[in-house]
Amino acid sequence: MPDESRETQSRKIEHIDIVLNKETQYRSKTTLFECIEVLPGGQRINGDDVDVSTALLGRRIAAPIFISGMTGGHPATYEINKNIAIAASRIGIPMGVGSQRAMYEKQDLAYTYDVKKVAGDLILIGNMGATKLLKYDNRKIQEMLDLINADMLALHTNPAQESVQPEGDIDFRGVYSRICEVGKGIRQPVILKEVGNGISKEVAKKVDGKVYAIDVQGAGGTTWVGVETYRSRGAYGSAFWEWGIPTALSVLESKSAFHGPVWASGGIRTPSDIVKAVAIGADMSGMAKPVLVSERKNGAEGVYRYLDRLIADFRNETGSLGFSSIEELKNAKIRISEPLASLLEQRGAAPKNLEDRKLFETA
Ligand SMILES: Cc1cc2nc3c(=O)[nH]c(=O)nc-3n(C[C@H](O)[C@H](O)[C@H](O)COP(=O)(O)O)c2cc1C
């Protein structure tokens, strides 16, 4: 086995151990969803009468919720991906796998990502690091997606993480034009994602019309600068622990510059976060760490119970606000308070009149 492959594999296990056993959440920075208030739309509706299903890739999914890509690439990670896949397909929501770099380096490891065998109707999101695209051609990328039967591809940009990772790849020159080429050059829809530091409106603009969606993966949840700070034993990174664009701000910034779907993720923890994400225009909301924790505690059943409860609570909360569907919730009136309101002004991404939902449609 080449050394690079061994290193990639052991890093995947270290990441899981650190996320589960160390404090890896942002300390003072939050998602800023607490600055968003969704105004009731009408009379309270019983949760059982609320339909939170939505459409993705022409298919109906149970809720606008997905599981963010986390793992694969080491034999021990197959069980995690398999359990998450079983639960996700039972519930009817999509899931992502972690970076497919390990299977690029060693094709025998493809099985650790290949979970559709146990969850046939699952919408599966492949994953690659954006800097790696400079080395992989479109034919190879297509092959890696087809090997696991992926329906979509998430390309992650993670400059903050790479810059504090002991073996990080910090040369991002040319990355965005390569992302745009891949976005147009492979069969599956491409999603540009971060890993917890958020997408700015400048980046959103660069990929507008070139990729299918943006998954902001903003600040306020798991910090990958934090994870890598542990790996480097504090040699790098602690100064940037809080660095990143809060998730709610990143969603609104991205929506001001990108005309495709925008997904909210990074620190999504409660049904209220999801209600607010929908109301500010996010098409999907995703979580990583809470799903990993429930999988490690109780396997596929643990993930299923966690998601089932989350979706039931999301339905109840949507109904309590007087909305009976995702479409209605998307049109809810919202109020944005400080500091998010000022940050949106500073970034030139503030909707001028929050009563006018059309303002979210174009910059
Ligand atoms: C154990 C673990 C491994 C991860 N590995 C990847 C990865 O390989 N590729 C990727 O794009 N994101 C990866 N992520 C980042 C998540 O997709 C997500 O962006 C981040 O954890 C923020 O979401 P959270 O606050 O819900 O945890 C990983 C997250 C976790 C918890």
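### Description of the overall build of the protein
Right, so step 1: Within the protein, the secondary structure is distributed over 13 helices and 12 strands.
Right, so step 2: A globule of 363 residues ought to have a C-alpha radius of gyration of about 21 Å, and the protein, at 19 Å, matches this closely.
Right, so step 3: Oriented by its inertia axes, the alpha-carbon framework of the protein measures out at about 60 × 40 × 40 Å.
Right, so step 4: Put simply, 78% of the contacts in the protein that link residues at least 6 apart link residues at least 24 apart.

### A closer look at the site of the ligand
Right, so step 1: The environment of the ligand is made up of 24 residues, and the closest members are Gly69, Met70, Lys193, Gln217 and Thr222.
Right, so step 2: For the ligand, an oxygen atom lies 2.5 Å from a polar atom in the side chain of Thr222.
Right, so step 3: With respect to the ligand, the backbone of Lys289 contributes an N or O atom lying 3.1 Å from an oxygen atom.
Right, so step 4: Contact with the protein chains removes 97% of the 600 Å² of surface that the ligand exposes when unbound.
Right, so step 5: Elements with a minimum of two residues in the shell around the ligand: helix H1 (3-21) and helix H11 (289-320).
Right, so step 6: Considering each element in turn, the shell around the ligand owes the most residues, three residues, to H1.
Right, so step 7: Among the residues making up the shell around the ligand, the classes are represented as eight nonpolar, 11 polar and five charged.

### A short note on H11
An α-helical segment advances 3.6 residues per turn. Residues three or four places apart therefore align on the same side.
Right, so step 1: For H11, spanning 32 residues, the distance from its first C-alpha to its last is only 28 Å, which falls clearly below the expected 46 Å at 1.5 Å a residue.
Right, so step 2: The sharpest bend along H11 comes to roughly 135°, located at Asn298.
Right, so step 3: Just downstream of H11, Gly322 is the residue with a positive phi angle, here 90°.

### A word on the nonpolar core
In summary, soluble globular proteins display a tendency toward joint burial of nonpolar side chains.
Right, so step 1: With 96 residues, the main nonpolar core has Val38, Met95, Ile141, Leu153, Ile179 and Leu340 as its most contacted residues.
Right, so step 2: Of the residues forming this core, the biggest block, eight residues, is contributed by H11.
Right, so step 3: With 11 residues, the next largest nonpolar core counts Ile123, Met152, Ala154 and Ala213 among its residues.

### Remarks on the confidence of the model for the protein
In low-pLDDT segments, the atomic positions of the prediction should not be examined closely.
Right, so step 1: Looking at the protein as a whole, the pLDDT averages 92, with 94% of positions reaching at least 70.
Right, so step 2: The low-confidence segment residues 355-363, where pLDDT is below 50, has 20 contacts with residues more than four positions distant or belonging to other chains.

### Some thoughts on the packing of aromatic side chains
Right, so step 1: Taken as a whole, this structure holds four aromatic pairs when the rule is applied.
Right, so step 2: Between Tyr78 and Tyr111, the aromatic rings sit 5.8 Å apart at their centres with planes inclined by 50°, giving tilted as the arrangement. Separated by 33 residues along the polypeptide, Tyr78 in helix H2 (residues 78-91) and Tyr111 in the loop between helix H3 (101-105) and strand S6 (124-129) bring together distant segments of the chain.
Right, so step 3: For Tyr78, a relative accessible area of 22% translates into the label partly exposed.
Right, so step 4: By relative accessible area, Tyr111 is classed as partly exposed at 38%.
Right, so step 5: Their ring planes at 20° and their centres at 3.7 Å tell us that Tyr104 and Tyr136 sit as a pair that is stacked. Linking Tyr104 in helix H3 with Tyr136 in the loop between S6 and helix H4 (138-147), this pair joins segments that are 32 residues apart in sequence.

### Section: helix H8 (residues 224-231)
Right, so step 1: Counting buried residues along H8, seven of its eight residues qualify, which places the element largely inside the surrounding structure.
Right, so step 2: For H8, the set of buried residues is Trp224, Val225, Gly226, Val227, Glu228, Thr229 and Arg231.
Right, so step 3: Between the side-chain oxygen at the start of H8 and the backbone nitrogen of Val225 there is a gap of 3.3 Å, and the oxygen is on Thr223.
Right, so step 4: Phi turns positive one or two residues past the end of H8, at Arg233, with a value near 50°.

### A few points about the side chain of Ser99
Right, so step 1: Within the fold, Ser99 resides in the loop between strand S5 (95-96) and H3.
Right, so step 2: Of the polar contacts made by the side chain of Ser99, one reaches the backbone nitrogen of Arg101; its length is 3.2 Å.
Right, so step 3: Leaving out residues up to four positions away in the same chain, Ser99 has contacts with Lys12, Tyr113, Asn127 and His156.

The rules behind these values
- Residues numbered from 1 in each chain as written.
- Predicted model: local features only at pLDDT ≥ 70, side-chain atom pairs only at ≥ 80, totals over all residues.
- Heavy atoms only, no water.
- Helix = DSSP H or I, 4+ residues; strand = E, 2+ residues; numbered from the N terminus.
- Rg over C-alpha atoms; globule rule 2.2 N^0.38 Å.
- Contact = heavy atoms within 4.5 Å.
- Near = heavy atom within 4 Å.
- Polar contact = N/O pair within 3.5 Å; in protein donor to acceptor, adjacent residues only side chain to side chain.
- Areas by Shrake-Rupley, 256 points an atom, 1.4 Å probe, with all protein chains shown as cover.
- Nonpolar A, V, L, I, M, F, W, Y, C, P; charged D, E, K, R; others polar.
- Expected span 1.5 Å × (residues − 1).
- Bend = angle between axes of the 7 residues up to and from the residue.
- Core = buried A, V, L, I, M, F, W, Y, C linked by side-chain atoms within 4.5 Å.
- Buried < 20%, exposed > 50% of the residue type's maximum accessible area, 1.4 Å probe, protein only.
- pLDDT = per-residue confidence, 0-100.
- Phe/Tyr/Trp six-rings, centres within 6.5 Å; stacked < 30°, edge-to-face > 60°.

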